[in-house]
Amino acid sequence: MPSSTSLGLLTNPTNPLTPSVESGVTAAAEVLGLKLTIFHASTDREIEATFKNAAGSIAGMVIGTDPLFTSRATALGAKSLEYKLPAIYQYRDFVAAGGTMSYGGDIKDSYYRAGVYAGRILNGQKPANLAVQLSTRLELLINLKTTKALGLEPPPVLVAGADEVIE
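Since this is a predicted model, take the numbers as computed values, not measurements.

> Sorry, what's going on with the sheet that holds strand β5 (residues 101-105) here?
In a beta sheet, neighbouring strands are held together by backbone hydrogen bonds and run either parallel or antiparallel to one another. Reading across from one edge, β2-β1-β3-β4-β5-β6-β7 is the order of the 7 strands in this open sheet, with mixed pairing throughout. Every other strand in the sheet has two partners, leaving β2 (35-40) and β7 (164-166) as the edge strands with one partner each. Adjacent strand axes in the sheet meet at a mean angle of 20° when their direction is disregarded. Alignment of strand β6 (residues 138-143) against β7, held across 3 bridges, turns out to be parallel. Looking at the pairing, Asn143 lines up with Ile166 of β7.

> Before we go on, may I ask you to explain the pairing of β6 in this structure?
Put simply, side chains in a regular strand alternate between the two faces of the sheet. Of all 6 residues that make up β6, 5 are buried, and the element is covered over most of its length. As judged from the 5 bridges shared by β5 and β6, these two strands associate in the antiparallel manner. Bridging from a neighbouring strand, Gly104 pairs with Glu139 of β6.

> Explanation requested: the packing of aromatic side chains in the structure shown.
The way to describe two aromatic rings as a pair is by their centre distance and the angle between their planes. Inspection of every chain in the model, using the stated rule, returns 2 aromatic pairs. Taking the centre distance of 5.4 Å and the plane angle of 45° together, the rings of Tyr89 and Phe94 count as tilted. Classification of Tyr89 as buried rests on a relative accessible area of 3%. Ring-pair connections join several aromatic residues into one group, and the members of that group are Tyr89, Tyr91 and Phe94.

> Before we go on, may I ask you to explain the pattern of salt bridges in this structure?
When the charged atoms of two side chains lie near each other, side chains of opposite charge can form a pair. All chains considered together, the criterion is met by 4 salt bridges. Among the ionic pairs, Glu48 bridges to Lys79, the shortest N-O distance being 2.3 Å. With a gap of 31 residues between them, Glu48 in helix α2 (residues 44-54) and Lys79 in helix α4 (residues 73-82) connect regions that are remote in the sequence. Its relative accessible area of 26% is what places Glu48 among the partly exposed residues. Judged by relative accessible area, which is 18%, Lys79 ranks as buried. Across the salt bridge formed by Glu164 and Arg92, the nearest N and O atoms sit 2.2 Å from each other. Remark: Arg92 occurs in helix α5 (residues 92-96) and Glu164 occurs in strand β7; sequence separation between them is 72 residues.

> In this structure, what is going on with the environment of Lys79? I would like to understand it.
With 43 residues separating them along the chain, Lys79 and Leu36 place their C-alpha atoms 20 Å apart. With near-sequence residues (within four places) excluded, Lys79 lies in contact with Glu48 and Phe51.

What counts, and where the lines are drawn
Residue numbers run consecutively from 1 along every chain, following the written order of its sequence. Under the rules for a predicted model, residues below a pLDDT of 70 receive no local features and side-chain atom pairs below 80 are neither given nor counted, while totals for whole chains, interfaces and linings still include all residues. Note that the side-chain values use all heavy atoms of the structure and ignore hydrogens as well as water. Any two strands with at least two DSSP bridges between them are considered paired. Only DSSP runs of H or I with at least four residues qualify as helices, and only runs of E with at least two residues qualify as strands; both kinds are numbered from the N terminus onward. Lines fitted to C-alpha atoms define the axes here, with helix axes fitted over just the stretch in contact, and angles between the N-to-C directions of these axes take values from 0 to 180 degrees. Only protein chains enter the area calculation, which uses a 1.4 Å probe; residues under 20% of their type maximum are buried, those over 50% are exposed, and those in between are partly exposed. Centre distance within 6.5 Å is the pairing criterion for rings of Phe, Tyr and Trp, where only the six-membered ring of Trp is used; planes under 30 degrees apart are then read as stacked, over 60 as edge-to-face, and the remainder as tilted. The working definition used for a salt bridge is a side-chain nitrogen of Lys or Arg within 4 Å of a carboxyl oxygen of Asp or Glu. Any two residues whose heavy atoms approach within 4.5 Å are treated as being in contact.

Any functional reading would require information beyond the geometric quantities listed.
See the structure below:
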C-alpha cells in the first residue's frame with residue numbers, strides 16, 4: 001500500500017471506547033504514513049451515508065469494534081461491495097458475510113475464557129483476585145470472492161498466512 005493512501009475508520013460515537021480506538025488507529029496511521037479520515041455512525045442511515053461519502057475518497061475502511069457494527073456484519077459486507085470499498089473488521093462473521101477481511105481475537109476463545117471465569121466465580125473465587133486475560137489467538141480471514149469483486153489481488157504471502165480463506 002503506498003504511503004499516500006488515505007484510509008477511513010468507522011466508529012460509533014455513542015460507544016465509550018471510541019476515543020481509545022480512534023487514538024490507537026490514528027497513531028498507527030501516523031507511523032505508517034497513511035492519511036486517516038474518521039467517520040462516525042450510530043444508525044443505519046449514518047452507516048449508509050458513511051459508505052456513500054467515503055467511496056472514491058479513501059482506499060479502504062477499518063470498521064471499529066462496536067455492537068452496532070457487529071450486529072450488522074452482513075449489511076456492512078454488502079455496503080463494502082456496493083460502494084467498491086475494501087473494509088477490514090475484527091471478527092470473522094464480517095468476512096463470512098461478504099466483507100473483505102478480518103483480523104482480531106478468536107471470539108470463540110474469548111467466550112470460552114469468559115465461561116471459565118464465570119465458573120470460577122460461581123465456585124467462590126473473588127473476581128478481584130482473577131487475572132485479566134487477553135486473547136492470545138488472533139485470526140486473519142480473507143474473502144477472495146470479495147477481493148476479486150473489488151478488483152483487488154492480495155499478495156500471495158498474505159493469503160498464505162491467513163487462518164481461513166473464503167474462495
